[in-house]
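Examining the three-dimensional arrangement
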Amino acid sequence: MSRFAPAPTGYLHLGHVVSCLYVFGLTRALGGQVLVRIEDHDRTRARPEFDEAIREDLAWLGLIPDRSPWKGLGEFDPALRQSHRADVHAARLADLARGGLVYRCDCPRSSMTPGNDGELFHQGYCQSRKIPDDVPHGLRIPMPDRDITFHDLIAGPQSQNPFRQTGDLLARDRHGCFTYHFSCAVDDLDQGVNLVIRGRDLLASTGRQLALRELLSAPGSPVFCHHDLLVDETGRKLGKRFLSTSIRKMRLDGGTPESILGLAAFLARKTQHQGPLDLPSALDSFMR
Ligand SMILES: [Zn+2]
């Protein structure tokens, strides 16, 4: 079981299509199933109109998952929308708190320094401060100061020390929203995801996911596969301006599913020449 897990904070763009082609292509080639999970854990940024647009764009492209949080696109499962699982996330965090694995933190973002993969570094000093419950606070989980190793299907053998990377992990922010890393680890575990295919920009956070799974008493770990991100001719990551051209806009400008799938395959360097591709050919190109 693998997943495509977009956040409904904007329209799908070509980077999402590339990610989908990796997820659907590789998973189906291995005989597995794909679920779509809407990662609307950040209630301050998620928008229902983007949630609905993701459903429409996937269906228009012919990317039909086996399970989704929408009726009419694969098997319907409302729990595949993270906002429906706040109680589950809260219960898991409470379990960890009972085991002494959660502490309160009121550090403003401005007081923290960047960690080595762009996230903020929290050294753990709030652990001994015993911040009262009535002070606005987030909840953190101590990360292990040891190397965690895993084999990535594309990137090869990896070794990461979660604590030295970003310190202790924020599981719930001061607004009560569960963070990406925490909700993602809980959901992957509960939803039986055993193949995680996602962009190379998330490779550095995999050790944190594995450390969380250990704390959540997960049996085993998924296989990870971190694919390359879209780059321009000089090898630089495509800029936000290009990626902000949504599939929706391309549709309105006369794009067809085949033209968009062909462009995604070309930009991901899966095809030599830019031209329309039907879905089976596009999926096939991502297996090479
Ligand atoms: Zn703190």
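Above this text you will find the structure in question.
Note that the structure is predicted; figures quoted are calculated from it, not measured.

1. Some words on the coordination of the zinc ion
Bound to the zinc ion are the protein donor atoms Cys 105 (SG), Cys 107 (SG), His 122 (NE2) and Cys 126 (SG), situated 2.2 to 2.3 Å from the metal. One way to put it: the four donor atoms around the zinc ion meet at angles of 97 to 123°, and that makes the site tetrahedral. When the donor residues of the zinc ion are listed from N- to C-terminus, their spacing reads C-x1-C-x14-H-x3-C. Like Cys 105, the residue Cys 107 is buried in the burial classification.

2. A closer look at empty space enclosed by the protein
A full pass over the atoms with the stated rule returns one cavity of 30 Å³ or more. Lining the largest cavity are Arg 3, Cys 184, Asp 188, Val 196, Arg 198, Gln 209, Arg 213, Pro 222 and Phe 224. Residue assignment for the lining of the largest cavity shows that the elements contributing at least two residues are helix H5 (180-190), strand E12 (195-199) and helix H6 (206-215). For the lining of the largest cavity, the class distribution of residues is four nonpolar, one polar and four charged.

3. Side note on H6
Two residues of an α-helix separated by three or four positions point the same way, owing to the 3.6 residues in each turn. In terms of burial, H6 is largely enclosed, as eight of its ten residues are buried. Inspection of H6 places Thr 206, Gly 207, Arg 208, Gln 209, Leu 210, Ala 211, Leu 212 and Arg 213 among the buried residues, and these make up the whole buried set. Of the residues flanking the end of H6, it is Ser 217, one or two places downstream, whose phi is positive at about 60°.

4. Digging into the nonpolar core
Counting 38 residues, the largest nonpolar core has Leu 14, Val 17, Leu 21 and Leu 58 as the members making the most contacts within it. Those elements that place two or more of their residues in this core are helix H1 (14-29), strand E2 (34-36), helix H2 (48-61), E12, helix H8 (247-252), helix H9 (257-267) and helix H10 (279-285). No other element matches H1, which puts nine residues into this core. Not counting the four nearest positions on each side in its chain, Val 17 is found in contact with Leu 61, Ile 247, Ile 260, Leu 261 and Ala 264.

5. So, H9
Burial of H9 is extensive: eight of the eleven residues sit out of reach of the surface. Those residues of H9 lying buried are Pro 257, Ile 260, Leu 261, Gly 262, Leu 263, Ala 264, Ala 265 and Leu 267. A positive backbone phi angle near 60° is found at Arg 269, which sits one or two residues after H9.

6. Concerning the environment of Asp 51
Summarising the element assignment, Asp 51 is placed in helix H2. Take Asp 51: its relative accessible area is 9%, and that puts it in the buried class. C-alpha separation for the pair Asp 51 and Gly 10, spaced 41 residues apart in sequence, amounts to 8.5 Å. Each residue touching Asp 51, except ones within four places of it in the same chain, is listed here: Pro 8, Ile 38, Trp 70 and Arg 81.

7. Some remarks on the side chain of His 227
Of note, His 227 is situated in strand E13 (residues 223-227). The exposure class of His 227 is buried, given its relative accessible area of 3%. Polar contacts involving the side chain of His 227 include one to the side chain of Ser 19, which spans 3.2 Å. Aside from chain neighbours lying at most four places away, what touches His 227 is Ser 19, Tyr 22, Ile 154, Ile 197, Arg 198, Gly 199 and Arg 200.

8. Let's talk about the packing of helix H3 (residues 86-98) against H5
It is at 10 Å that the axes of H3 and H5 come closest, and there the two elements cross at 100°. On the basis of the axis angle, H3 is roughly perpendicular to H5. Counting all contacts with H3, which are made through Val 88, His 89, Arg 92, Leu 93 and Leu 96, the residues of H5 involved are Phe 182, Ser 183, Val 186, Asp 187, Leu 189 and Asp 190. Grouping the amino acids of the contact of H3 with H5 by side-chain chemistry returns six nonpolar, two polar and three charged.

9. Describing the sheet that holds strand E5 (residues 103-105)
Hydrogen bonds between backbone groups are what pair the strands of a sheet, and the pairing can be parallel or antiparallel. Taken in spatial order, the three strands make up an open sheet running E5-E8-E11, and their pairing is antiparallel. In this open sheet, the two edge strands, each paired with only one partner strand, are E5 and strand E11 (169-172). On average, each strand axis in the sheet is inclined to that of its neighbour by 50°, with strand direction left out of account. Sheet analysis places E5 next to strand E8 (residues 138-141), joined by three bridges and oriented antiparallel. If you follow Arg 104 over to E8, its bridge partner there is Leu 139.

Conventions used here
What you see as residue numbers is a count from 1 along each chain, following the sequence as written. Totals for whole chains, interfaces and linings use every residue, but because this is a predicted model, local features are given only for residues with pLDDT of at least 70 and side-chain atom pairs only at 80 or more, for both listing and counting. With hydrogens and water set aside, each side-chain value is computed from the structure's full complement of heavy atoms. Coordination partners: N, O, S within 2.8 Å of the metal, 3.2 Å for Na, K and Ca; water not considered, so apparent gaps in a site are possible. Each label reflects the angles at the metal, where four donors whose angles all fall between 85 and 135 degrees are tetrahedral, four or six donors whose opposite pairs open beyond 155 degrees and whose other angles stay between 65 and 115 are square planar or octahedral respectively, and the rest are irregular. Note on classification: 1.4 Å probe, protein chains only; a residue is buried when its accessible area is under 20% of the maximum for its type, exposed when over 50%, partly exposed between these limits. Any residue with an atom within 4 Å of a point lines the site, the site being either a cavity, points on a 1 Å grid over the protein atoms alone where a 1.4 Å probe fits but cannot get out, or a pocket, an open set with protein on both sides within 12 Å along at least 5 of 7 lines. Grid points are joined across faces, edges and corners, and a volume is the space filled by probe spheres set on the points. Each helix corresponds to a stretch of at least 4 residues labelled H or I by DSSP, and each strand to a stretch of at least 2 residues labelled E; elements are numbered beginning at the N terminus. Residues are grouped as follows: Ala, Val, Leu, Ile, Met, Phe, Trp, Tyr, Cys and Pro are nonpolar; Asp, Glu, Lys and Arg are charged; all remaining types, including Gly, are polar. Here the nonpolar core consists of buried residues drawn from Ala, Val, Leu, Ile, Met, Phe, Trp, Tyr and Cys, with membership extended through side-chain atoms lying within 4.5 Å. Here, two residues are considered to be in contact whenever any of their heavy atoms come within 4.5 Å of each other. Polar contacts, as used here, are pairs of N or O atoms within 3.5 Å; protein pairs need one atom able to donate a hydrogen and one able to accept it. Residues neighboring in sequence count only if both atoms are side-chain atoms. Fitted lines through C-alpha atoms give the axes, limited to the stretch in contact for helices. The angle between two N-to-C directions lies from 0 to 180 degrees. Each angle gets one of four labels, with under 35 degrees taken as roughly parallel, over 145 as roughly antiparallel, 65 to 115 as roughly perpendicular, and the rest as oblique. Two strands qualify as a pair provided DSSP detects at least 2 bridges between them.

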